Amino acid sequence: LKQYYSRLFPFEFLHSWLSYDSSTSNPKNKNEAKSVSNVFSKREFSFTIEPSPGDEIYIRYQSFNSLDEFRQAVLKRNPHKIDIGAVFSHPPRDHNSVMPTKFNTVQRELVFDIDLTDYDSVRMCGCSGAEICNKCWKMMGMAMKVMDQGLREDFGFEEMVWFYSGRRGVHCWVC
């Protein structure tokens, strides 16, 4: 994981996406100075780390003021799972110092989860559960195309991104 996070993890893209930085999706804005969004600093992240084999620790209420702060935390902890949560009224790391009535969720994305296990009854390649081969992965590609087209044409969504979920399928984030 250390090599993946230090060399391949898309920190800039994730930060931009979760900050709603339009300069990365709109080529006309490339020359504009990037504005620092407080959306990112008020978003909750949780890390699942494994300090020793079989010993998992779940760390909630993580929040970061900048891309560099986020990168440093990930590189330091090497989480084997990162969960991305809602945007709150205050930075989640301050949740214990804010009155509970003032610490509220203010924004969430619409996220769709497509798992190959949903297709077990029609997967004829011999795979089941979390098993994935090239043949059954094609079903995932088809499901993504159908869903993407439906979200765009039937519901008018424009800003979406697809991620491999890390196990059995994909997640579609709609903003």
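Look above for the structure.
Residues numbered from 1 in each chain as written. Predicted model: local features only at pLDDT ≥ 70, side-chain atom pairs only at ≥ 80, totals over all residues. Heavy atoms only, no water.

Peer 1: It is not clear to me how the packing of aromatic side chains should be interpreted in this structure. Could you clarify?
Peer 2: Within a pair of aromatic rings, the relevant descriptors are the distance that separates the centres and the angle that separates the planes. The full count for this structure, using the stated rule, is 14 aromatic pairs. These aromatic residues form a ring-pair network of at least three members: Y4, Y5, F9, F11, F40, F45, F47, F64 and F70. (Phe/Tyr/Trp six-rings, centres within 6.5 Å; stacked < 30°, edge-to-face > 60°.)

Peer 1: Which parts of the structure should I look at to understand the layout of surface pockets?
Peer 2: There is about 1000 Å³ of room inside the largest pocket. Lining the largest pocket are 27 residues; nearest its centre among them are I82, Y164, S165, G166 and H171. Looking at the lining of the largest pocket, the elements with two or more residues in it are helix 1 (2–7), strand 3 (81–88), strand 5 (110–115), strand 6 (160–164) and strand 7 (169–174). Per element, the largest residue contribution to the lining of the largest pocket is six residues, and it comes from strand 3. (1 Å grid on protein atoms, 1.4 Å probe; cavity = no way out; pocket = protein on both sides within 12 Å on 5 of 7 lines; lining within 4 Å. Points joined across faces, edges and corners; volume = space filled by probe spheres on them. Helix = DSSP H or I, 4+ residues; strand = E, 2+ residues; numbered from the N terminus.)

Peer 1: Mind showing me how you'd approach helix 5 (residues 134–153) here?
Peer 2: Given 3.6 residues per turn, any residue in an α-helix points the same way as the ones three and four places further on. Taking 1.5 Å per residue, 20 residues should reach 28 Å; helix 5 reaches 29 Å between its end C-alpha atoms and fits that length. Every buried residue of helix 5 is accounted for by C136, M139, M140, A143, D148, G150 and L151. Taken end-on, helix 5 shows its buried residues confined to a sector of 165 degrees, consistent with a single buried face. Turned more than 90 degrees away from the buried face of helix 5 sit N134, K135, K138, M142, K145 and E153, all of them exposed. Here the buried face of helix 5 lies against strand 5, strand 6 and strand 7. (Expected span 1.5 Å × (residues − 1). Buried < 20%, exposed > 50% of the residue type's maximum accessible area, 1.4 Å probe, protein only. Arc of directions from axis to C-beta. Contact = heavy atoms within 4.5 Å.)

Peer 1: Honestly, the environment of L75 in this entry has me stumped. Any pointers?
Peer 2: Summarising the element assignment, L75 is placed in helix 4 (residues 67–77). In contact with L75, other than residues within four places in its own chain, are Y5 and S6.

Peer 1: What's the story with the sheet that holds strand 4 (residues 105–107) in this structure? I'm lost.
Peer 2: Picture the strands of a sheet paired through backbone hydrogen bonds; they go either parallel or antiparallel. If you trace the four strands from one edge of the open sheet to the other, you get 2-1-3-4, paired in antiparallel fashion. The open sheet terminates on both sides in strands that have one partner only, identified here as strand 2 (55–62) and strand 4. Neighbouring strand axes in the sheet, compared pairwise and without regard to direction, differ in orientation by 45 degrees on average. Looking at chain direction, strand 1 (residues 43–52) and strand 2 are connected through five bridges and run antiparallel. Bridging from a neighbouring strand, F47 pairs with I59 of strand 2. Taken strand by strand, helix 4 contacts strand 1, strand 2 and strand 3, and its axis lies near 20 degrees from that of strand 1. (Pairing = 2+ DSSP bridges. Axes fitted to C-alpha atoms, helices over the stretch in contact; angles between N-to-C directions.)

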